[in-house]
Amino acid sequence: MSDTQVKQQNTAAFYGQAVASFAVALAAVAIGVFRLNADAWVRAFLGIAVLYLVTSAFTLSKVIRDRQEAGQIVSRVDQARLEKLLAEHDPFEKM
């Protein structure tokens, strides 16, 4: 059975770009809500809605990542079983 490590596919630059993009987008929305020409309760409602949207996005990304990782584990277990069967099989053995 092979003991290969799962390789990380994202580079540090991609990770940094994603974090910077998130920070810029969140700051732009926060400034937009703060500078909105509306009552304070409307701005507060929009601010809470943005925070709820951000937390929901993080939760969704975690659920998707967990499902993908679970699929990789099942795939690796199936691959290990197949490798074991192939290693034990003798094509010259009489039936």
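Cut-off values and rules
Position numbers for residues count from 1 along each chain, tracking the sequence in the order it is written. At least 70 in pLDDT is required for a residue's local features to be given in this predicted model, at least 80 for side-chain atom pairs to be given and counted, and no such filter applies to totals for whole chains, interfaces and linings, which use all residues. Heavy atoms throughout the structure, all of them, feed into the side-chain values; hydrogens and water do not. Helical segments are the DSSP runs of H or I of at least four residues, strand segments are the runs of E of at least two, and each set is numbered from the N terminus. Remark: exposure states derive from per-residue accessible area (1.4 Å probe, protein chains only) relative to the maximum for the residue type, with buried under 20%, exposed over 50%, and partly exposed in between. All accessible-area figures derive from a Shrake-Rupley calculation using a 1.4 Å probe, and residue coverage is judged against the displayed protein chains alone. Within this document, salt bridges are pairs made up of a side-chain nitrogen of Lys or Arg and a carboxyl oxygen of Asp or Glu, the two lying within 4 Å of each other. Here a patch means residues that are over 30% exposed by relative accessible area and free of salt bridges, tied together within 9 Å if like-charged and within 5 Å if nonpolar (Val, Leu, Ile, Met, Phe, Trp, Tyr). When two rings of Phe, Tyr or Trp (its six-membered ring) have centres within 6.5 Å they constitute a pair, described as stacked for plane angles under 30 degrees, edge-to-face for angles over 60, and tilted for the intermediate range.

1. With respect to the overall build of the protein chain
Logical step 1: Summing up its helical and strand segments, the protein chain has two helices and zero strands in all.
Logical step 2: The buried share among the 95 residues of the protein chain stands at 3%.
Logical step 3: Of the roughly 8,900 Å² that the protein chain leaves accessible, carbon and sulfur atoms contribute 66%.

2. What to know about the pattern of salt bridges
Logical step 1: For the structure on display, the rule yields three salt bridges.
Logical step 2: The residue Asp66 makes a salt bridge to Lys62 at a minimum N-O spacing of 2.6 Å. On the criterion of helical spacing, the pair formed by Asp66 and Lys62 is a turn pair, its members being four residues apart in helix H2 (residues 40–88).
Logical step 3: Taking the relative accessible area as the measure of exposure, Asp66 reaches 29% and is therefore partly exposed.
Logical step 4: Arg65 is the partner of Glu69 in a salt bridge, and the nearest nitrogen-oxygen pair spans 4.0 Å. On the criterion of helical spacing, the pair formed by Glu69 and Arg65 is a turn pair, its members being four residues apart in helix H2.
Logical step 5: A single network of salt bridges, built from pairs that share partners, joins Lys62, Arg65, Asp66 and Glu69.

3. So, a nonpolar patch on the surface
Logical step 1: A surface patch of nonpolar side chains, amounting to about 450 Å² of accessible area, comprises Leu36, Trp41, Phe45 and Leu46.
Logical step 2: Inspection of the secondary structure puts Leu46 in helix H2.

4. What about the packing of aromatic side chains?
Logical step 1: Counted according to the given criterion, the structure contains one aromatic pair.
Logical step 2: Where Phe22 meets Phe58, the ring centres are 5.4 Å apart and the plane angle is 70°; that geometry is what we call edge-to-face. One end of the pair, Phe22, is in helix H1 (residues 12–34); the other, Phe58, is in helix H2, with 36 residues separating them in the sequence.
Logical step 3: The partly exposed category is assigned to Phe22, whose relative accessible area is 37%.

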